[in-house]
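Structural features, examined
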Amino acid sequence: MNVENYNLSVEIKTTADKAYDAITHQIPLWWTEMFEGSSANVDDIFTIRFGDSIHKTMQVEELIPNSRAVWYVKDSLLNLPELNHQTEWIGTTIFWEIGQKENFTELKVTHIGLHPAVECYNICSAGWIQFISSLKLFLETGKGNPYKV
């Protein structure tokens, strides 16, 4: 079965090294202030939380400076009343690809395992759009819009 995994590409007025640094060192400034652990090195494990009912624990699988980061989702809970399957992110993989262009950086996010057949697809893809927009804002203005405690 060929499934279309979630992906999103954005052009950001920044440099590849700043985009890479935001993804590997500055997650609380654009994704969620509820961040524990480290995302800076291969094999690092970190957890992001969105209140008491949503969390994701990821392990850094690969890092290529200013080019790529890969995270494997080890644990996840989306405790939302509208979802019957609240652990669908477990075992999925998130690829961040960074490409320096002349006047901007292209950032591509691919979430392997998040596709339209997954129950949380609409909620999760909307979440990706929200937080990639926050990352773009952070990189272009210095101030993102992360989930706040």
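The notes below deal with the structure included here.

Let us now look at the overall build of the protein chain. Broken down by element type, the protein chain carries two helices and seven strands. By the compact-globule yardstick of 15 Å for 149 residues, the protein chain fits well, its C-alpha radius of gyration being 15 Å. Over its C-alpha atoms, taken along the principal directions, the protein chain stretches across nearly 45 × 40 × 25 Å. Expressed as a percentage of the 149 residues in the protein chain, the buried residues total 46%. Once local pairs closer than 6 in sequence are excluded, the contacts in the protein chain between residues at least 24 apart make up 50%. When the accessible surface of the protein chain is summed, it comes to about 7600 Å², and 49% of that surface belongs to carbon and sulfur atoms. When the 11 positive and 19 negative side-chain charges of the protein chain are each reduced to one mean point, those points stand 5 Å apart.

Another point: the nonpolar core. The nonpolar side chains of a soluble globular protein tend to be buried, and buried together. Within the largest apolar cluster, 41 residues are counted, with the highest numbers of intra-cluster contacts made by W31, W71, I94, W96 and W128. Those elements giving two or more residues to this core turn out to be β1 (6-12), α1 (16-25), β3 (45-49), β4 (54-64), β5 (68-78), β6 (93-100), β7 (105-112) and α2 (121-141). Here the element with the most residues in this core is α2; it accounts for eight residues. Setting aside its immediate chain neighbours within four residues, W71 contacts I23, I27, W31, F46, M58, Q59, V60, E61, T92, T93, I94 and W96.

Here the focus is the sheet that holds β3. Hydrogen bonds between backbone atoms are what pair the strands of a sheet, whose relative direction is either parallel or antiparallel. Ordered in space as β1-β7-β6-β5-β4-β3-β2, the seven strands form an open sheet in which the pairing is antiparallel. At either margin of the open sheet sits one strand with a lone partner, and together these are β1 and β2 (34-37). Adjacent strand axes in the sheet meet at a mean angle of 20° when their direction is disregarded. Bridge count for β2 against β3 is four bridges, and the pairing is antiparallel. The residue of β3 that forms the bridge with E36 is T47. Running at roughly 160° to β6, α1 makes contact with β4, β5, β6 and β7 of the sheet. Seen against the sheet, α2 touches β1, β5, β6 and β7 and runs at an angle of roughly 15° to β1.

Turning our attention to the packing of α1 against α2. Where α1 meets α2, the axes come as close as 11 Å, and the angle between the chain directions of the two elements is 130°. When the axes of α1 and α2 are compared, the pair comes out oblique. In terms of crossing hand, the pair formed by α1 and α2 is right-handed. On α2, the residues that touch K18, A19, A22 and I23 of α1 are L135, F138 and L139.

Okay, the state of the cysteines next. Counting across every chain of the model gives one disulfide. Between C120 and C124 runs a disulfide, and the two sulfur atoms are separated by 2.4 Å. Here the disulfide of C120 and C124 is left-handed, its torsion about the S-S bond being about -110°. The class for C124 is buried, based on a relative accessible area of 6%.

What follows deals with the environment of L77. Here L77 is to be found in strand β5. On the accessibility criterion, L77 (25% relative accessible area) is partly exposed. Sequence separation between L77 and T57 is 20 residues; the distance between their C-alpha atoms is 9.2 Å.

Here is what the cut-offs are and how they apply
- Residues numbered from 1 in each chain as written.
- Predicted model: local features only at pLDDT ≥ 70, side-chain atom pairs only at ≥ 80, totals over all residues.
- Heavy atoms only, no water.
- Helix = DSSP H or I, 4+ residues; strand = E, 2+ residues; numbered from the N terminus.
- Rg over C-alpha atoms; globule rule 2.2 N^0.38 Å.
- Buried < 20%, exposed > 50% of the residue type's maximum accessible area, 1.4 Å probe, protein only.
- Contact = heavy atoms within 4.5 Å.
- Areas by Shrake-Rupley, 256 points an atom, 1.4 Å probe, with all protein chains shown as cover.
- Lys, Arg positive; Asp, Glu negative; His and termini not counted.
- Charge placed at Lys NZ, Arg CZ, Asp CG, Glu CD.
- Core = buried A, V, L, I, M, F, W, Y, C linked by side-chain atoms within 4.5 Å.
- Pairing = 2+ DSSP bridges.
- Axes fitted to C-alpha atoms, helices over the stretch in contact; angles between N-to-C directions.
- Parallel < 35°, antiparallel > 145°, perpendicular 65-115°, else oblique.
- Left-handed = near helix turned anticlockwise from the far one by under 90°.
- Disulfide = S-S within 2.5 Å.

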